[in-house]
Amino acid sequence: MTKPDTKARASARQLPLNQILAGDCIEIMNTLPESSVDLIFADPPYNLQLKGELHRPDNSRVDAVDDHWDQFSGFAAYDGFTRDWLAAARRVLKPNGAIWVIGSYHNIFRVGAELQNQGYWILNDVIWRKANPMPNFRGKRLTNAHETMIWASKSEGAKYTFNYEALKSLNEGVQMRSDWVLPICTGGERLKDEDGAKAHPTQKPESLLHRVLVGSTNPGDLVLDPFFGTGTTGAVAKMLGRDFIGIEREEAYRKVAEKRIARIRRFDGDAIATTRAKRAEPRVPFGQVIERGMLRPGEELYSMNSRHKAKVRADGSLIGNDVKGSIHQVGAALEGAPSCNGWTYWHFRREGRMVPIDILRQQIRAEMQADEGRPN
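The model shown is predicted, which means the values in this text are computed figures rather than measured ones.

**Student:** Mind laying out the nonpolar core, listing which residues take part and the relevant values?
**Tutor:** In this structure, Phe286 and Trp346 are the most contacted members of the largest nonpolar core, which totals 61 residues. Examining the composition of this core, we find that 5 residues originate from one element, helix 6 (residues 206-216), more than from any other. Residue contributions to this core reach at least three from each of two domains, namely domain 1 (19-49 + 60-278) and domain 2 (281-373). If you look at the next biggest cluster of nonpolar residues, it comprises 30 residues, including Cys25, Tyr78, Ile108 and Ile247.

Written out as structure tokens, the structure is:
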């Protein structure tokens, strides 16, 4: 017979799935069950060490990161904080779990060293190259056009989830590289507070988390974000059929995240399924999306950053700013880039949300694969 106090302890250790927990991330992670989390995505304070305000050439003030949560007395204090939260994170990771940490040149090298000190095994460093970075207004350094993500398993030789074929599909059938060109949050995706100001100074784009979660988790996995902010990790996890736990000590961010995630609708099972087989998936021309009525001629598509739009034509081509061609050609021309993956670049609007057209391609592929499995 189970003792009452044992039952209470077991109940207290139940995972708070799909909840945002208020408080210090180290303290809260240390209360979670050991080896219970499949993936951690961490966006810790960058310790930017800003001295005074930053202004544009027209003397307008830049809304930079100067919040109290990014303030440390020195490198020693920051290193101690990094050591403690990484230790707490490693305790809750499953043996086959993994961690992603994102940062800038201010902190990522210190974080990387501590990851190795604690026995994590670095799998890749990924460069997120921002398609639309903020310029260097002082003109004294290069424009900071990228951030670095470190992807690590719990230990050397440990198993981990890597959906190679799914990432290859996202990249138009080409092996995914470790440099990702994605825009920063702008337009409708940028969350605002009641005064119309940025709700969070370093809000990450959903496209970034989409790629991370598709590539290194499976539906039903549990994703922990110890620096939850305004909830990008939770929003994408919910859309993709993953569970999440968020930890955030700032009440203002928690309120924004709760409202945001409440509006999110999970994609259906067929849509969140990812490619696992080594064989190539069936090719789906964009024209099939039009033929099947998933999108209509004349409907407008939008780039993720909402800077560009194009109109769908009956033959599956697009026209935007007098540029005509395929979803890939028009996207590349509008961005001034040598190439573009139109499936991930273009989005359509449904119920006030931006949805990548690649979702429609995956639905068609799922139907094709289901047909292949039916007897004649």
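**Student:** Go over the confidence of the model for the protein chain, please, and point to the residues and values.
**Tutor:** The predicted model of the protein chain has a mean per-residue pLDDT of 85, with 84% of residues at 70 or higher. Of the regions scoring below 50 in pLDDT, residues 1-12 engages in 1 contact with residues more than four places distant in sequence or in other chains. A low-confidence stretch, residues 50-65 stays under pLDDT 50, and its non-local contacts, those more than four residues away or across chains, total 26 contacts.

**Student:** If you had to explain the packing of helix 3 (residues 75-92) against helix 4 (residues 108-117) to someone new, which residues and values would you point to?
**Tutor:** Where helix 3 meets helix 4, the closest approach of the two axes is 10 Å, and the angle between their N-to-C directions is 45 degrees. When the axes of helix 3 and helix 4 are compared, the pair comes out oblique. As for how helix 3 packs across helix 4, the hand of that crossing is right-handed. Note on element contacts: helix 4 touches helix 3 through Arg110, Val111, Glu114 and Leu115, opposite Phe75, Tyr78, Asp79, Thr82, Arg83 and Leu86.

**Student:** Mind laying out the sheet that holds strand 1 (residues 19-22), listing which residues take part and the relevant values?
**Tutor:** Read from one edge of the open sheet, 8 strands run 1-8-7-2-3-5-4-6, paired in mixed fashion. Whereas interior strands pair on both sides, the edge strands pair on one side only; in this sheet they are strand 1 and strand 6 (179-182). The sheet shows a mean angle of 20 degrees between the axes of neighbouring strands, taken without regard to direction. Here strand 4 (residues 121-130) runs beside strand 5 (residues 146-153); their pairing, made up of 8 bridges, is antiparallel. The residue of strand 5 that forms the bridge with Arg129 is His146. Sitting on the sheet, helix 8 (residues 251-262) touches strand 1 and strand 8 (243-248), and the angle it makes with strand 1 is about 175 degrees.

Criteria and thresholds
Residues numbered from 1 in each chain as written. Predicted model: local features only at pLDDT ≥ 70, side-chain atom pairs only at ≥ 80, totals over all residues. Heavy atoms only, no water. Core = buried A, V, L, I, M, F, W, Y, C linked by side-chain atoms within 4.5 Å. Buried < 20%, exposed > 50% of the residue type's maximum accessible area, 1.4 Å probe, protein only. Helix = DSSP H or I, 4+ residues; strand = E, 2+ residues; numbered from the N terminus. Domains from an automatic or database assignment. pLDDT = per-residue confidence, 0-100. Contact = heavy atoms within 4.5 Å. Axes fitted to C-alpha atoms, helices over the stretch in contact; angles between N-to-C directions. Parallel < 35°, antiparallel > 145°, perpendicular 65-115°, else oblique. Left-handed = near helix turned anticlockwise from the far one by under 90°. Pairing = 2+ DSSP bridges.

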